Amino acid sequence: MVSICSPLSPNLVANSISVEAPRSRGRLLTSREYGVLLQSCIDSKSLARGKMLHSRIRKAGFERNRDLLPRLVKLYSVCGRIDDARKLFDRMSKRNSDVFLWTSMICALAKNGSMLRCFELFVQMLERGVRPDSYTFSGLLKASAEFGFLELTLQLHSMVVRCGCVGCLSVANSLIHAYGSFGVVHEARKLFDRMVVRDVASWSAMIQACSSMGSYADSMALFSRMQLGDSLKPNEITVVALLPACGFFSSLRHGQAVHAYVIRNGYESNLIVGSALVTMYSRCGDPDVAYTIFANFYQKNLVLWTSMIEGFALNGKHDIALNLFKKMQDQGFHPNYVTLVVILSACSHAGFVDEGLQIFETMQEKFGVKAGVEHYACVVDMLARGGRLDDAEKVIESMGMRSSGSMLGSLLGACQVHRNVEIGERTAYRLFELEPRNAANYVILSNVYAAVGQWHNVGRVRQMMIAKGLLKDSGCSWIELKGTIYVFGAHDRSHCESDKIYKVLEELSEEIVRAGYIPATEHVLLDVEENEKKKLLCSHSERLAIAFGLLKVPPEMPIRIAKNLRVCGDCHEAIKLISRVTSRKLIVRDTNRFHHFYRGSCCCGDYCCKQLGACVRDDDKFELFSVHRTVGCCLDCPLFKSALNSWRWNGSFKDQTWFRSENGEKPPCNIRFGSESKDSAST
DNA sequence: ATAGGGTTAG
């Protein structure tokens, strides 16, 4: 028997509870000592030992002890025995109005997903006259957020105020989290700004709130301020909240800095961190590093597999994605709802229509996953891209659930590609009902008309947009160089090296025309001269960013740019040829996916991905080397200190200070020019 | 003593 008086390791303690009555040197245990033993059972979720301990505690007459009773409830709860916890609670709560006991039961119900019973009990508690404390509110707020009840959260918030708990750190953190989870970032931010003391959880919750709403620039700024202003050290959870922002900006440098931080702090073995890193690298167009991280996990989980499969799919390595999907199943993992969305989406992007349909048709039987609206959306996309517009429309009509905007949107987009006005019109008008304020849909319809030369209809749709006061998101592309992100709008001349950039573009235009490029001037929806149209196409934002990259990025490095809309068809053709005439690797991320341009072709959507059929490596060795080499340069920097300070616009949007301000300004994807954009990229 | 911030899709 381990001496109770010495500091105890939880495992030793848990193992020490044997059949023999727990005594220490001949005397009976105190309630405090029972508390230590109980806690170790909770930590290790050992039900059998816990039950034994419970009976000892009862015999010793400590069952009603204020210290032990809530922990007994917790013990049964964490061991998945919510009914046993409830029985114990019901037996003990008759004459017991202790807030600790009631809170422990409420939180136990919340954690077990019995939301209704959880809130019933809360009402009973109030009727009983038990005054909730900060712990009660924290637990309830988390539950209400998870349950998706904004109304309930608002009521709890008002109770929190009336009970004088607003100043309490954990309650404020839970409120921030709850508002964030409902997308009410402004309310979260208001609370956050009013806090006098903030801890890591406060910052993490706020960063998470911004990331989940797409205010990634705010996430970045907060992350920096947390360290520089409050001198707080980010932990695993903070890092996970921040990584989507690095992925969004396709900012490899920031992502690598976070990765370096992860390595320095020994968070590498954390699966959640790992999945977030895999996703980040994939969204930065570097699936190979993502794979290295993935392969380094000896024990993988389903989310990690799913992240990696998506990473390859996003980067046009569809064969690898499908191989990995098989390998995952060989290793005993059953795909869940999300995995199947990912794999179906990969099939549709790759043009693997038959494979995709086969997976879709057998998924319920094979994996027990009932097809949801996202799966149907992939199928519709798959059929529509493949030109089977009628079949796609039939699926929408017969699927027996409400069609989603993205589903109709992909059908409409395919109508543009396959020049089908009839289905295009039908789909567009359904979309207008569903999303009357989404300018992108009107733009695609006008593109459908433009594709077949119905110019009067093009004009009609534009009039509709003007009448409704709708503006399309302006196109912009950005490139990161040494930690600075340079943003270009279409026909942008604001950069100080603009002359050089346009000179490069001019030279390139000549070269690619010689290589066979024919500008798709029919897509320029403006009444201007043919030559003017050609010029407009040449100064699309993605080409400006590429030209700038050609000037600045060392020849042996790929040029990585990102764009807030989809790359337009004409630019796609042009960039293919640019990659050929310059012998450069050009990696372009748009809203949908990555385009890896090399030697005149792209891994994507003209279904040419098969030529990239590299195999998944079978050895699971982690090439730490390559990661360290790229990350090494960041190891000594205070994270983001210099990088973030040097973030700036190239000057085009001087009035937009999204990254400096942290008050909800939008990231570049939502920047609007004063007037309508002339960038004709679709959606 | 009871509690709070985290990964994959669209």
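Quick caveat: nothing in here was measured; it's all calculated off a predicted structure.

Parameters at a glance
Residues numbered from 1 in each chain as written. Chains lettered and ligands numbered in written order. Predicted model: local features only at pLDDT ≥ 70, side-chain atom pairs only at ≥ 80, totals over all residues. Heavy atoms only, no water. Helix = DSSP H or I, 4+ residues; strand = E, 2+ residues; numbered from the N terminus. Buried < 20%, exposed > 50% of the residue type's maximum accessible area, 1.4 Å probe, protein only. Axes fitted to C-alpha atoms, helices over the stretch in contact; angles between N-to-C directions. Parallel < 35°, antiparallel > 145°, perpendicular 65-115°, else oblique. Contact = heavy atoms within 4.5 Å. pLDDT = per-residue confidence, 0-100. Near = heavy atom within 4 Å. Polar contact = N/O pair within 3.5 Å; in protein donor to acceptor, adjacent residues only side chain to side chain. Nonpolar A, V, L, I, M, F, W, Y, C, P; charged D, E, K, R; others polar. Salt bridge = Lys/Arg side-chain N within 4 Å of Asp/Glu carboxyl O. Expected span 1.5 Å × (residues − 1). Phe/Tyr/Trp six-rings, centres within 6.5 Å; stacked < 30°, edge-to-face > 60°. UniProt positions renumbered as here; feature names shortened; annotations may be inferred.

1. A short note on the overall build of chain A
Then, number 1: When helices and strands are tallied, chain A shows 33 helices and eight strands.
Then, number 2: Taking all 683 residues of chain A together, the buried fraction comes to 55%.

2. A closer look at the packing of helix 20 (residues 337–350) against helix 22 (residues 373–385)
Then, number 1: It is the contact of helix 20 with helix 22, at a shortest axis distance of 9 Å, that shows an interaxial angle of 5°. By the criterion of interaxial angle, the relationship of helix 20 to helix 22 is roughly parallel. Every residue of helix 22 that contacts helix 20 at Tyr 337, Leu 340, Val 341, Leu 344, Ser 345, Cys 347, Ser 348 and His 349 is listed here: Val 373, Glu 374, His 375, Cys 378, Asp 381, Met 382 and Arg 385.

3. Looking at the confidence of the model for chain A
Then, number 1: With 82% of its residues at a pLDDT of at least 70, chain A reaches an overall mean of 80.
Then, number 2: Within the model, the stretch residues 1–21 combines pLDDT values under 50 with 33 contacts to residues more than four positions away or in other chains.

4. Focus on the protein's contact with DNA strand B
Then, number 1: Around DNA strand B there are 45 residues in total, and Phe 100, Asn 173, Asp 199, Arg 283 and Glu 374 lie nearest to it.
Then, number 2: The sugar-phosphate portion of DNA strand B accounts for 46% of its atoms within 4 Å of the protein, the bases making up the rest.
Then, number 3: One of the side-chain nitrogen or oxygen atoms of Asp 199 is found 2.7 Å away from a base nitrogen of DNA strand B.
Then, number 4: Contact distances for DNA strand B include 3.2 Å between a phosphate oxygen and a side-chain N or O atom of Gln 208.
Then, number 5: It is helix 16 (residues 271–283) that contributes the most residues to the surface near DNA strand B, six residues altogether.
Then, number 6: Grouping the amino acids of the surface near DNA strand B by side-chain chemistry returns 16 nonpolar, 17 polar and 12 charged.

5. Here's the deal with the pattern of salt bridges
Then, number 1: One pass over the full model with this rule turns up 22 salt bridges.
Then, number 2: Across the pair Asp 90 and Arg 86 runs a salt bridge, and its minimum N-O distance is 3.2 Å. Highlighted residues: Asp 90 and Arg 86, both in helix 5 (residues 82–92), separated by four residues, approximately one helical turn.
Then, number 3: Asp 90 sits in the partly exposed class, given a relative accessible area of 33%.

6. Quick word on helix 2 (residues 31–44)
Then, number 1: Its 14 residues give helix 2 an end-to-end C-alpha distance of 20 Å, which sits within 8% of 20 Å, the value for a rise of 1.5 Å per residue.
Then, number 2: Those residues of helix 2 lying buried are Ser 31, Glu 33, Tyr 34, Gly 35, Leu 37, Leu 38, Ser 40, Cys 41 and Ile 42.
Then, number 3: Immediately beyond the C-terminal end of helix 2, within one or two residues, lies Lys 45, with a positive phi of roughly 50°.

7. Some details on helix 3 (residues 47–59)
Then, number 1: Helix length check: helix 3, at 13 residues, gives a terminal C-alpha distance of 18 Å against a target of 18 Å (1.5 Å per residue), a fit within 8%.
Then, number 2: Those residues of helix 3 that sit buried are Leu 47, Gly 50, Leu 53, His 54, Arg 56 and Ile 57.
Then, number 3: At its buried positions, helix 3 is contacted by helix 2, helix 4 (68–78) and helix 5.
Then, number 4: At the exit of helix 3 stands Gly 61, carrying a positive phi of roughly 80°.

8. Thoughts on the packing of aromatic side chains
Then, number 1: Per the counting criterion, the structure on display carries 16 aromatic pairs.
Then, number 2: Ring plane angle 65° and centroid distance 5.9 Å describe the contact between Tyr 34 and Phe 62, whose orientation is recorded as edge-to-face. Of the two residues, Tyr 34 is situated in helix 2 and Phe 62 in the loop between helix 3 and helix 4; the sequence distance between them amounts to 28 residues.
Then, number 3: Looking at Tyr 34, the relative accessible area reads 4%, which means it is buried.
Then, number 4: Under the relative-accessibility criterion, Phe 62 is labelled partly exposed at 23%.

9. A few points about the UniProt feature "repeat: PPR" (unreviewed entry) in chain A
Then, number 1: The UniProt record annotates "repeat: PPR" (unreviewed entry) at residues 98–132, 199–234 and 301–335.
Then, number 2: Taken end to end, residues 199–234 comprises 72% helix and 0% strand; its first and last C-alpha atoms sit 10 Å apart.

10. Thoughts on unusual backbone geometry
Then, number 1: Positioned with a positive phi, Lys 45 is a non-glycine residue whose angle comes to about 50°.
Then, number 2: Structurally, Lys 45 can be placed in the loop between helix 2 and helix 3.
Then, number 3: Here Ser 231, not a glycine, exhibits a phi torsion of approximately 50°, which is positive.
Then, number 4: Residue placement: Ser 231 occurs in the loop between helix 13 (216–228) and helix 14 (236–248).
Then, number 5: The exposure class assigned to Ser 231 is exposed, which follows from its relative accessible area of 61%.

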